[in-house]
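Descriptive analysis of the structure
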Amino acid sequence: GAVVSQHPSRVICKSGTSVKIECRSLDFQATTMFWYRQFPKKSLMLMATSNEGSKATYEQGVEKDKFLINHASLTLSTLTVTSAHPEDSSFYICSARASMDRAIEAFFGQGTRLTVV
Amino acid sequence: GNSVTQMEGPVTLSEEAFLTINCTYTATGYPSLFWYVQYPGEGLQLLLKATKADDKGSNKGFEATYRKETTSFHLEKGSVQVSDSAVYFCALSAQNQAGTALIFGKGTTLSVSS
């Protein structure tokens, strides 16, 4: 299958600082990218959907000013956690899809473990 | 709205046992349905999918049939192996404000012992 690379895999940051997570589709053009947050023993919560060249669409309850998403090219999307706090510590996963067709599978990055101290 | 409900785990089985993980969904329109698997320390991988009613997805001995009448997509395998130990996620792909998105169930942890 197609490869989605997510970087970094782990990051520890101080409270109040910002952290950027990158998601790249390595061998296909991702028209749509998704960002998820995975809580311990819980499912993946969709945070936002990002179509290349347009503003991300955030799910209800997700602060767009805190979780900045940029999808400037067909192979790269970034999630920036601004002014991070300990409650933002979580596992963040990106996903990319080559088409908006709902039948087309999405490919996932390896995830980023964010710890805010 | 769109949602997925799957059985809570963990599911603990002996090798060669039969596996069923239940999944039901609520969706507007006609979603596609997926099972993803997450092996320890790895990212999510697509296991199988079905895009319309009565379709059966299958891969690596796993099967699931898209049942519109019961809004279900239960995952089955006739004989599990230790290497099947992982977390399994049922998901649907449906319209949201931005187009389409994958909505996941909470995941079911499967542990297979020899």
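This text goes with the structure placed above it.
First, a word on what this report is: a plain description of the structure on this page.

Conventions adopted
- Residues numbered from 1 in each chain as written.
- Chains lettered and ligands numbered in written order.
- Predicted model: local features only at pLDDT ≥ 70, side-chain atom pairs only at ≥ 80, totals over all residues.
- Heavy atoms only, no water.
- Contact = heavy atoms within 4.5 Å.
- Buried area = accessible area lost by both parts, 1.4 Å probe.
- Salt bridge = Lys/Arg side-chain N within 4 Å of Asp/Glu carboxyl O.
- Polar contact = N/O pair within 3.5 Å; in protein donor to acceptor, adjacent residues only side chain to side chain.
- Buried < 20%, exposed > 50% of the residue type's maximum accessible area, 1.4 Å probe, protein only.
- Disulfide = S-S within 2.5 Å.
- Helix = DSSP H or I, 4+ residues; strand = E, 2+ residues; numbered from the N terminus.
- Pairing = 2+ DSSP bridges.
- Axes fitted to C-alpha atoms, helices over the stretch in contact; angles between N-to-C directions.
- Phe/Tyr/Trp six-rings, centres within 6.5 Å; stacked < 30°, edge-to-face > 60°.
- Core = buried A, V, L, I, M, F, W, Y, C linked by side-chain atoms within 4.5 Å.

Side note on the interface of chain B and chain A
Quite often, the size of an interface is put as the accessible area lost when its parts meet. Contacts between the two partners involve 26 residues from chain B and, on the opposite side, 23 residues from chain A. Taken together, the two surfaces of chain B and chain A that pack against each other cover about 2,000 Å², and 51% of this comes from carbon and sulfur. The tally of links from chain B across to chain A stands at zero salt bridges. At the surface where chain B touches chain A, the tally comes to five residue pairs in polar contact (both at pLDDT 80 or more).

Details of the pattern of salt bridges
Applying the stated rule across the entire model yields five salt bridges over all chains. A salt bridge links Arg24(A) to Glu22(A), with the nearest nitrogen and oxygen atoms 3.5 Å apart. We classify Arg24(A) as partly exposed; its relative accessible area is 36%. By relative accessible area, Glu22(A) is classed as partly exposed at 25%. We note a salt bridge from Glu63(B) to Lys56(B), for which the minimum N-O separation is 3.6 Å. According to the relative accessible area criterion, Glu63(B) is partly exposed, its value standing at 34%.

Comments concerning the state of the cysteines
Here a disulfide denotes one covalent bond, and it connects the sulfur atoms of two cysteines. Here the structure, examined in full by the defined rule, presents two disulfides over all chains. Two residues, Cys23(B) and Cys90(B), share a disulfide whose sulfurs are 1.9 Å apart. Handedness here is read from the sign of the S-S torsion; for Cys23(B) and Cys90(B), about -70°, the answer is left-handed. Of this pair, Cys23(B) sits in strand β4 (residues 23–26) while Cys90(B) sits in strand β10 (residues 86–96), and the two are 67 residues apart along the sequence. Comparing Cys23(B) with Cys90(B) shows no difference in burial state: the two are buried. Here Cys13(A) stays unpaired: no disulfide links it, and the sulfur of Cys94(A), its closest cysteine neighbor, is 18 Å away.

Observations regarding the sheet that holds strand β7 (residues 56–59) of chain B
Residues and elements named next belong to chain B. Strands sit in the order β3-β9-β8-β7 across an open sheet of four strands; the sheet is antiparallel. Each having just a single partner strand, β3 (19–21) and β7 make up the two edges of the open sheet. Put simply, the sheet's adjacent strands are angled 15° from each other on average, direction ignored. Where strand β8 (residues 62–65) meets strand β9 (residues 75–77), three bridges bridge the pair, whose relative direction is antiparallel. Across the sheet, Ala64 pairs through a bridge with Leu75, a residue of β9.

Here we look at the packing of aromatic side chains
Centre-to-centre distance and the angle between the planes together describe a pair of aromatic rings. Tallied over the full model, the rule gives twelve aromatic pairs over all chains. Look at Phe34(A) and Tyr36(A): their rings are 6.5 Å apart centre to centre, the planes differ by 45°, and that puts the pair in the tilted class. The exposure class assigned to Phe34(A) is buried, which follows from its relative accessible area of 0%. Tyr36(A) gets classed as buried once you look at its relative accessible area, which sits at 0%. Both rings, one in Tyr25(B) and one in Tyr66(B), keep their centres 6.0 Å apart while their planes meet at 85°; by these two values the pair is edge-to-face.

Overview of the nonpolar core
The biggest cluster of nonpolar side chains holds 27 residues, and the ones touching the most others in it are Leu19(B), Trp35(B), Leu47(B), Leu48(B), Phe73(B), Leu75(B) and Tyr88(B). When residues of this core are traced back to their parent elements, those giving at least two are β2 (11–14), β3, β4, β5 (32–38), β6 (44–50), β8, β10 and β12 (108–113) of chain B. With five residues, β10(B) is the largest single contributor of residues to this core. The next biggest cluster of nonpolar side chains, apart from the first, holds 26 residues, and it includes Val19(A), Cys23(A), Ala56(A) and Tyr92(A).

As for the pairing of strand β8 (residues 76–81) of chain A
Side-chain direction in a regular strand flips from residue to residue, so the side chains alternate between the two faces of the sheet. Residues and elements named next belong to chain A. Burial of β8 is extensive: five of the six residues sit out of reach of the surface. Two strands pair when backbone bridges link them, and strand β7 (residues 67–73) and β8 are joined in this way by five bridges, in the antiparallel orientation. Residue pairing in the sheet places Ser73 in a bridge with Leu76 of β8. What sits between the antiparallel neighbours β7 and β8 is a turn of two residues.

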